Amino acid sequence: MKPLVIVLLLLSSVCYSGNYSPLNRDCDGFPQVAVGSYPGTCVGVINQFDEFKKPRKAIQLDSTRLLLTDMGGWSANRGTLWLVESEKEYLRGKLTVTPLIKKLNMPHDIELDGKGRILLGEVHQVRRLTMQQGRIIKDEVVISGLPHKKYLHPLSNFVQLASGDLVINVGSQTDHCDGKMEKGKCTELSKNGLWQYAYDTNQDVYANEGKHLASGLRNSMALAVHKSGTLLQAENSSDIKDAEEPYEELNIIKEGAFYGWPYCLNEHFDQKIVEGGCNQTNYQSPYVLLPPHTAPLDMMYVQSAKLPMLNGKLLMSWHGYRVVGNRLVAYDIDAKGLPVLTQQAWFNRDPIAPETEWTRHPFTAKGGMARQAQHIEIISHWNKVNGTRPEGAPVGLTMLIDDTLLIVDDKNKALLRLAKGVPYQPNDTQAQPLAPMGQIIDLNLNRNKALKDTFLTHCSGCHVELKTAPASLLNNHDGWLEMEGGVIKVERALFNETRPMPPTGTLSHDEKNALLESLKRALIKK
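What you see is a predicted model; the values in this text were computed from it and never measured.

1. Some remarks on the overall build of the protein chain
Looking only at helices and strands, the protein chain has 5 helices and 38 strands in total. Within the protein chain, buried positions represent 55% of all 526 residues. Of all intrachain contacts in the protein chain linking residues separated by at least 6 positions in sequence, the fraction that spans at least 24 positions is 58%. As displayed, the protein chain offers around 22400 Å² of accessible surface, 50% of which is attributable to carbon and sulfur atoms.

2. As for the sheet that holds strand β13 (residues 166-170)
Ordered by their spatial adjacency, 4 strands build an open sheet running β12-β13-β16-β19, and the pairing between neighbours is antiparallel. Looking at the sheet topology across the chains shown, the edges are occupied by β12 (158-160) and β19 (211-214). On average, adjacent strands in this sheet sit at an angle of 30° to one another, irrespective of strand direction.

3. With respect to the side chain of Ser86
Mapped onto the fold, Ser86 is located in strand β6 (residues 79-86). Using a relative accessible area of 10% as the deciding quantity, one classes Ser86 as buried.

4. Comments concerning the state of the cysteines
For the coordinates displayed, the defined rule picks out 3 disulfides. The disulfide bridge from Cys177 ends at Cys186, spanning 2.1 Å between sulfur atoms. The sign of the 105° torsion about the S-S bond sets the Cys177-Cys186 disulfide as right-handed. Grouping residues by exposure puts Cys177 and Cys186 together as buried. Across the disulfide from Cys264 sits Cys278; the S-S distance is 2.1 Å. What sets the handedness of the Cys264 and Cys278 disulfide is the S-S torsion sign, and at about 95° it is right-handed. Placement of Cys264 in strand β23 (residues 264-265) and of Cys278 in the loop between β24 (269-270) and β25 (288-292) is noted, with a sequence separation of 14 residues between them. Overall, Cys278 belongs to the buried group, its relative accessible area being 8%.

5. Notes on the sheet that holds strand β27 (residues 314-318)
Sheet architecture is open: 4 strands sit in the order β26-β27-β28-β33, paired in antiparallel fashion. The sheet is open, and its two borders are formed by β26 (296-301) and β33 (376-379), each paired with just one other strand. Along the sheet, successive strands turn relative to each other by an average axial angle of 25°, direction set aside. By the bridge criterion, 5 bridges tie β27 to strand β28 (residues 327-331) in an arrangement that is antiparallel. Bridging from a neighbouring strand, Ser317 pairs with Leu328 of β28.

6. Quick word on the pairing of strand β2 (residues 30-33)
Sheet analysis places strand β1 (residues 22-27) next to β2, joined by 3 bridges and oriented antiparallel. Across the sheet, Pro22 pairs through a bridge with Val33, a residue of β2.

7. So, unusual backbone geometry
Pro246 follows Glu245 through a cis peptide bond whose omega is -10°. The residue after Trp261, namely Pro262, is reached through a cis peptide bond having omega 0°. Tracing the backbone through its elements, the reader meets Pro262 in the loop between β22 (247-252) and β23. Not every positive phi belongs to a glycine, and Met106 is a case in point at roughly 45°. With respect to the secondary-structure elements, Met106 resides in the loop between β7 (95-104) and β8 (110-112). For Met106, a relative accessible area of 0% puts it in the buried group. Of note, Cys177 is a non-glycine position whose phi angle comes to about 65°, a positive value. Considering the arrangement of structural elements, one finds Cys177 in the loop between β13 and β14 (181-182).

Basis of the calculations
Residues numbered from 1 in each chain as written. Predicted model: local features only at pLDDT ≥ 70, side-chain atom pairs only at ≥ 80, totals over all residues. Heavy atoms only, no water. Helix = DSSP H or I, 4+ residues; strand = E, 2+ residues; numbered from the N terminus. Buried < 20%, exposed > 50% of the residue type's maximum accessible area, 1.4 Å probe, protein only. Contact = heavy atoms within 4.5 Å. Areas by Shrake-Rupley, 256 points an atom, 1.4 Å probe, with all protein chains shown as cover. Pairing = 2+ DSSP bridges. Axes fitted to C-alpha atoms, helices over the stretch in contact; angles between N-to-C directions. Disulfide = S-S within 2.5 Å.

This is the structure:
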């Protein structure tokens, strides 16, 4: 395919500073940002790093050092493991970042094992690192052969059981088993879901082969183990063409259970893919549902004396870019670590311009609900407001040594910190102006019917903004026309070998080339 030379020339002259603009006050010693949070808390920015590409999760080694995974984007061998060091305790003062390992294969999860070693997940394997004085002195692969090629959800996410066993996510290849049905069955179900790798304490090794712990799970990016032994999974459900459906799920994981995907969504929302989709053998319905399209990407049980509003609760990051996402939420829990049930649960939706008010909605999932649980919004005003804040994109959550919460925001390449303080109020007017952003190029789809029809037909099922506010995606600031690794993001997404778009596979190679040529011509006309 010919390179988009003219498009790249248009985009290459534009550069941007950090997306979060600090207020003229601090949040427990860090610059406060214009993000709304629970009473008695505030959100500060530790730093925004130009070196980062797509940071995901972090662990703290000591009071001055973090390790952080950076995917590098949705392409193989562009990821990095970063060492973040501060000149003062508790991540204060000047920060420096040093790459410890480069060319990682889309790293995501990172945890400390029971012996203080680092478990690092790539799409195809899990490494175990031993560090000494800021250097890696031992790097070993402890689990290998994880399926990932041409997977819509290739990232490995894991959780450690009390026994030391690892439970690892294997995401789905497609959105809802597109093109993977044979003889009335979804062939993906033999691989996707959660796999348990037994840990041998005597030999200090994991089993070569994993046990298929649970199936029918589309993408398990949020996992948590309670001290009682309860294993919870927050499901990233299918992206069907409905902004109201499906709901995400919170599942109690039981060995051998089938959790519905792709035949049955919500509790009993039959997708008519097979007969009796919600009556399959060993079907286990969700414990409760989460609002639609919230995209939970991390989950943890919290113990914190400095943040009593979180203490003893289940905390979850909602990464979803739709109007119910971009949040940090908490649940009150019972003795087994399960969210406390309520008669009727509600969720809020962000305003869509020109509207300015948040709206409240009851849970009304298709297929009905046997149980409901009410979440508490810890960070809620995180939608994009021009001149004030970017759209939040929370991924990893880490309790820091000083008993505050670290939040990794991947889209904005930022490390944020939730601490005790005075929350930002939407009518605050103390925000410093954002740095000049140069010429912003966006694309008016109404001027090009062919482009509009293609995007609406193949992309708007997941990206509903293409129907309501296409410029929020089709721009070169933080959208699909932004430069990434020498090409624009939309080109990289269309021809990505690991995770090609659209996920349905409905565009041929020639059709993708034609789309890019049409896109190029439209940009030249601007």
